[in-house]
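Remarks on the overall topology
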Amino acid sequence: MVLRRWSQDARLSLARLPSLAGLGRVPAAPVHVVRDLWPGDPTSGAQLALGSLTHGGVTRRIGPGRWEDPSYPDSFRAYLHGFTWLRDLRAVGTDSARLQARALVNDWLAHPPTDPMVRDCAVTGARLASWLGHYDFFAASADDGFRHRLMQRLLAEGRTIAALLPPETHDWRALVAFKGLLAAAIAMPEHSGFLSRFMRYLDAELARQIMRDGCHIQRSPEIQFLALRELAEMRAMIQAAQLPLPDSLALALDRMSPVLRALRHGDGGLALFNGSHVGNVAMIEMVLAQSTRSRVVATAMPDGGFIRLQVGRSLLLVDAAAPPPAGFDGLAHAGTLSFEFSVARQRVIVNCGTGQTPEWRRALRESAAHSLLVLEGCSSSDIGPDGGIQRRPPHVTAEQMGQDGAHWLDLSHDGYHAPFGASWRRRLYLGDGGEDLRGEEIVEGERAQSFDLRFHLHPAVGAEWDAEGQIVILDVGGRIWKFRADGGTLAVEESIYCGAGKPERTRQIVIHVRPGDTGVTGEATAEVVEAVESLPVEGAAADLGGELEADGTKAAAIPEAHARVQRSGSEERTRQIVRWGLMRVEG
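Bear in mind that the values here come from a model prediction, so they are computed numbers and not experimental data. (Residues numbered from 1 in each chain as written. Predicted model: local features only at pLDDT ≥ 70, side-chain atom pairs only at ≥ 80, totals over all residues. Heavy atoms only, no water.)

**Observations concerning the overall build of the chain**
Broken down by element type, the chain carries 17 helices and 21 strands. For the chain, with 587 residues in total, the buried portion stands at 56%. Taking the contacts inside the chain whose residues are at least 6 apart along the sequence as the reference set, 70% of them involve residues at least 24 apart. Accessible surface computed for the chain: about 24100 Å², of which carbon and sulfur atoms make up 52%. (Helix = DSSP H or I, 4+ residues; strand = E, 2+ residues; numbered from the N terminus. Buried < 20%, exposed > 50% of the residue type's maximum accessible area, 1.4 Å probe, protein only. Contact = heavy atoms within 4.5 Å. Areas by Shrake-Rupley, 256 points an atom, 1.4 Å probe, with all protein chains shown as cover.)

Here it is, written out as structure tokens:
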């Protein structure tokens, strides 16, 4: 590590020199200019023209001498120095916006930062790609002196990224660095070292980040989108320069696009797993259009650990895997076995999303901000001081079966074994044309536990508690659904929804279970386990949802394998069971 850092520092020092014999001359202009693919926001551009920048809920004054303002949060500083906001100024479309862009770039050239951000190859890559992607907007009509300074800096930026590859961290932002180096390679093809360095490390980086089923290793729908966007830009640059497309890049685009389509709800936005926002639907469509001509939706994501069930107009999305591995878990949530449910374009049951401030982001990573079971008020994974996951479920299982348009899921994790000696099994059923969603939650452990089952509702869903009927009546886009439960105390409580970043008030259905509650089993001896295992298919179906029938209809059948309770190594184990159902009703 020390030797690598020493070598990298030497290359960086060489890269920052303005001109050296053997490193080539500074070109007068880019040979190939690939215009930035994405539209900007004219409202944000108008704010920029007045000297203010907003990012992640933070607004600050920017301008000459402010590039290293200590009051800027780190994420804001990275965004500022990445210059991707140039597209917002371009969207304004006026000469004053063009001159403001040129003035800001010129001031940066005169006062490049000296803080540790110079070692962040992702920020450098974003800046290099943004300057080249908007060259026609702010630089093409400038004087010779400005263009020479810009090209001189672009050459140094390219050398900087080349010196920093391979990157020290391998999350999705590493792809931004590769994009920046590629932009330099096609803009200044006489500097052949840029392209050779790009090609040298790209295959390994894509293999590291993109799993075989096309899921990004960080297991976040938003990062799936962001990574795919970077790859789409790379392909556009390569095609513009008429270079052969690397096989690894073509394969990654083909694999990732169906997964991104699969992780969207009917409203076009992203599912809220592992730090995702709903996102800009138009931008998601643009990225998909730039990535592939196919409109295939992934039907299986075994490596990524997501399950997607579409029945009729209803969609069930489940996070059926542990958080991503160390090094890729800095934004991961303790949401194992959480799910989201939508009907047509209306989200019904959701996760809370992620916030804009560090405090909100931290709070919304906990299990309680997800639609799942929370045992003894604790999360199934612990988040460490550095933001990574310290404790995670060692074992997560997921089985799926389908028959005659109905689907069953049998899920489990042991994330609560270490602190409480307990495991959680979640069994879900979706049938009746998508209008019948049921679940059975089983907590098995050394003693009876207190736990809460949380079902966070989208703010657009109305919820009324019918105390007499012991049900929750939901208004889902003008259609009535009813939620009922057996095995705990049902309640409707306040919640928060951060699908777009800013907190919105909403409601959540909560089933509170405390030791000794009516309807919760106590000791489950080996004989009881054997009796349950011997149930026929019809008995297993009643076990899942028979008590929840509101209209006398027959309980949906569930395969025998999904009705079994695994035998414990101990002769006596407590089993606490909660059954619930969400069904659409006429009227």
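**Considering the side chain of Arg 438**
In this structure, Arg 438 sits in strand E13 (residues 436-445). Judged by relative accessible area, which is 3%, Arg 438 ranks as buried. A polar atom in the side chain of Arg 438 sits 2.7 Å from the side chain of Asp 436. (Polar contact = N/O pair within 3.5 Å; in protein donor to acceptor, adjacent residues only side chain to side chain.)

**Topic: the packing of aromatic side chains**
Applying the stated rule across the entire model yields 17 aromatic pairs. Their ring planes at 40° and their centres at 5.5 Å tell us that Phe 273 and Phe 306 sit as a pair that is tilted. With Phe 273 in the loop between helix H12 (247-262) and helix H13 (281-291) and Phe 306 in strand E3 (residues 306-311), this residue pair connects regions lying 33 residues apart in the sequence. On the basis of relative accessibility, which here comes to 1%, the residue Phe 273 falls in the buried class. Residue classification places Phe 306 among the buried residues on the basis of a relative accessible area of 4%. Taken together, the ring pairs connect Trp 67, Phe 83, Trp 85, Trp 108 and Trp 131 into an aromatic cluster. The aromatic ring of Phe 306 is capped on one face by Arg 219, whose charged end is 4.6 Å from the ring centroid. (Phe/Tyr/Trp six-rings, centres within 6.5 Å; stacked < 30°, edge-to-face > 60°. Lys NZ or Arg CZ within 6 Å of the ring centre and 35° of its normal.)

**Describing unusual backbone geometry**
Outside of glycine, negative phi angles account for most residues, and trans bonds account for most peptide bonds. Residue Pro 166 is bonded to the preceding Leu 165 through a cis peptide linkage, with omega at -5°. Looking at where Pro 166 falls in the secondary structure, it is placed in the loop between helix H8 (144-164) and helix H9 (174-187). Not every positive phi belongs to a glycine, and Phe 83 is a case in point at roughly 60°. Along the polypeptide, Phe 83 turns up in the loop between helix H3 (74-82) and helix H4 (86-92). Backbone geometry at Ala 344 places phi at a positive 55°, although glycine is not the residue there. Structurally, Ala 344 can be placed in the loop between strand E5 (339-343) and strand E6 (346-350).

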